[in-house]
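In case you want the letters, here they are:
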Amino acid sequence: MLGWALSPNEADVADVFLASEPQWDGDPALVMSPESLAFAGDYISEAPRLREYLIYGDAGFERRNVEVMITGRGPVLGRVDDRFVIWRIGGYHDFGALLQFFRMGAAQHLEDFQAALAMHQLPCFHVVYADRAGNLLYLYNARSGRRYQPERRDLRLLAHLVPEEPPLDYQVPISGDDPRYDWGGDVEIEALPGVVNPASGYIAASGNPPWTATGGPDFDPAAWPEWFVSDQDSYRARRVRSLIEAAPRSFDDVQAMSVSYT
């Protein structure tokens, strides 16, 4: 027997890029070079085209067309002056979340559940797990990318470093014309904050950063860059931790806590 639950988290899983608009040469399906869109790597894009959608209304389904353009980073949402506004979000091309949920629900033991999590199709969420064998698991799940952050040492989520440069604020639109600021690949699930069977004997996710999900030395916040986690510790989370850490709690005690403080 086992149980698991999800709680929303605030991992930084998306960026807005401002990129210079290319000069189209009339080719309806143009393979863009790094020079033409000033992107890093081999980005393939298409000239703007119409995409058909079915919209259901009072008269049934209606066919409508919307102009779209997809770049190697993601869809173009609009323009600011002569620059494209491009949205990049982790998991944009993933379609396996429902299958992952099914496998999480079908898990019979910890190894099954970990294998389901390894699919890494969910975009976000704190994940908590417990089973009759006494196993506990916590994962700060996120679909994000390795970002360039020059003022930090080489940590597990960073792509590369240039120490003499100032820090970059990823909470605002960033330059799409500078290849250093593109994502350096996806963050693997093994690099995310997580723990199995913490020494404290408990896990709790209630609007708090991952390093407060359990007591003891299981997490070092300095192992992850500041931009990655936006969660702020909540009063509810602090109260839950204080109750759990004060004395051993029975199942009925935990149920009473969930009613009283959530």
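The structure under discussion appears in the preceding block.
Before going into details, it helps to say that this report is about the structure given with it. (Residues numbered from 1 in each chain as written. Predicted model: local features only at pLDDT ≥ 70, side-chain atom pairs only at ≥ 80, totals over all residues. Heavy atoms only, no water.)

**Describing the overall build of the protein**
The condition that has to hold: Going along the chain from the N terminus, every DSSP run of H or I of four or more residues is numbered as a helix, and every run of E of two or more is numbered as a strand. Here the term buried applies to any residue with accessible area under 20% of the maximum for its type, exposed to any over 50%, and partly exposed to those in between, with areas from a 1.4 Å probe on protein chains only. The contact rule is simple, with two residues in contact once any of their heavy atoms fall within 4.5 Å. All accessible areas in this document rest on Shrake-Rupley with a 1.4 Å probe, and a residue is counted as covered only by the protein chains that are shown.
A count of helical and extended segments in the protein gives 5 helices and 10 strands. When the 262 residues of the protein are sorted by exposure, 40% land in the buried category. Across the protein, contacts joining residues at least 24 apart in sequence account for 59% of those joining residues at least 6 apart. For the protein, the exposed surface amounts to about 14400 Å²; the carbon and sulfur share of it is 55%.

**A short note on helix α3 (residues 110–117)**
Worth spelling out the cut-off: Read the arc as the range of directions from the helix axis to the C-beta atoms.
Restricting attention to buried positions, one finds in α3 the residues L110, F113, A116 and L117. Down the axis of α3, the buried set is contained in an arc of 125 degrees. They therefore lie on one face. Where α3 is buried, its residues contact β1 (2–7), α2 (97–106), β7 (126–131), β8 (136–140) and β10 (194–196).

**A short note on the packing of aromatic side chains**
Our working rule: The pairing test for Phe, Tyr and Trp rings, Trp by its six-membered ring, is centres within 6.5 Å, and the orientation test on the planes gives stacked under 30 degrees, edge-to-face over 60, and tilted for anything in between. Here, a charge over a ring is recorded when the distance from Lys NZ or Arg CZ to the ring centre is within 6 Å and its angle to the ring normal is within 35 degrees.
Throughout the structure, instances matching the rule amount to 9 aromatic pairs. Between W4 and F113, the aromatic rings sit 5.8 Å apart at their centres with planes inclined by 45 degrees, giving tilted as the arrangement. Taken together, the positions of W4 in strand β1 and F113 in helix α3 put the pair 109 residues apart, joining distant regions of the chain. Aromatic ring contacts, followed pair by pair, group Y138, W211, F219 and W224 into a single cluster. Stacked on the ring of F17, the Lys or Arg R73 has its end atom at 4.2 Å from the ring centre. For the cation-ring pair, R147 lies above Y170, with the distance from its terminal atom to the ring centre recorded as 5.5 Å.

**Re the packing of α2 against α3**
Put simply, the rule reads: Helix axes use the C-alpha atoms of the stretch in contact, all axes being lines fitted to C-alpha atoms, and the angles between their N-to-C directions lie in the range 0 to 180 degrees. Each angle receives one of four descriptions, namely roughly parallel if under 35 degrees, roughly antiparallel if over 145, roughly perpendicular if within 65 to 115, and oblique otherwise. Note on residue classes: Ala, Val, Leu, Ile, Met, Phe, Trp, Tyr, Cys and Pro are nonpolar, Asp, Glu, Lys and Arg are charged, and everything else, Gly too, is polar.
Interaxial distance between α2 and α3 falls to 8 Å at its minimum, and their mutual angle equals 175 degrees. When the interaxial angle is binned, α2 and α3 end up roughly antiparallel. Along the contact surface, α2 presents Q100, R103 and M104, while α3 presents F113, A116 and L117. Grouping the constituent residues of the contact of α2 with α3 by class yields 4 nonpolar, 1 polar and 1 charged.

**Thoughts on unusual backbone geometry**
In this structure, H120 takes a positive phi of about 55 degrees despite not being glycine. Mapped onto the elements of the fold, H120 is located in the loop between α3 and β7. H120 sits in the buried class, given a relative accessible area of 6%. Residue N197 is not a glycine yet carries a positive backbone phi of 50 degrees. Mapped onto the elements, N197 comes out in the loop between β10 and α4 (235–246).

**Here's the deal with the pattern of salt bridges**
What counts, and what does not: Salt bridges, as used here, are contacts in which a Lys or Arg side-chain nitrogen is within 4 Å of a carboxyl oxygen on Asp or Glu.
Scanning all chains against the criterion turns up 10 salt bridges. The partner of D12 in a salt bridge is R147, with the nearest N and O atoms 3.3 Å apart. With D12 in the loop between β1 and β2 (14–20) and R147 in the loop between β8 and β9 (174–175), the pair connects residues that are 135 residues apart, well separated along the chain. Here D12 and R147 have matching classes, each one buried.

**Let's talk about the pairing of β2**
Under the convention used in this document: In this description, strands pair whenever DSSP reports at least two bridges between them.
Here 7 bridges tie β2 to strand β6 (residues 83–89), and the two strands are oriented antiparallel to one another. Of the residues in β6, the one forming a bridge with F17 is I86. Two elements, β2 and β9, share 2 bridges in a ladder whose sense is parallel. When the sheet's bridge partners are listed, L18 is paired in β9 with S175.

**With respect to the sheet that holds β1**
The strand order β1-β7-β8-β10 describes an open sheet built from 4 strands, whose pairing is antiparallel. Each edge of the sheet is formed by a strand with only one pairing partner; in this case those strands are β1 and β10. Across this sheet, the average inter-strand angle for adjacent strands is 10 degrees, counted without regard to direction. In this structure, β8 lies alongside β10, joined through 3 bridges in antiparallel fashion.

**Examining the side chain of T212**
Applicable threshold: In protein, a polar contact means a hydrogen-donor-capable atom and an acceptor-capable atom, both N or O and within 3.5 Å, with residues adjacent in sequence counting only if both atoms are side-chain atoms; elsewhere, any N or O pair within 3.5 Å suffices.
Mapped onto the elements, T212 comes out in the loop between β10 and α4. A polar contact of 3.0 Å, which involves the side chain of T212, links it to the side chain of N208. Among the polar contacts listed, one links the side chain of T212 to the backbone oxygen of P209, at a separation of 2.8 Å. The contact partners of T212, leaving out residues within four places of it in the chain, are A204, D233 and R241.

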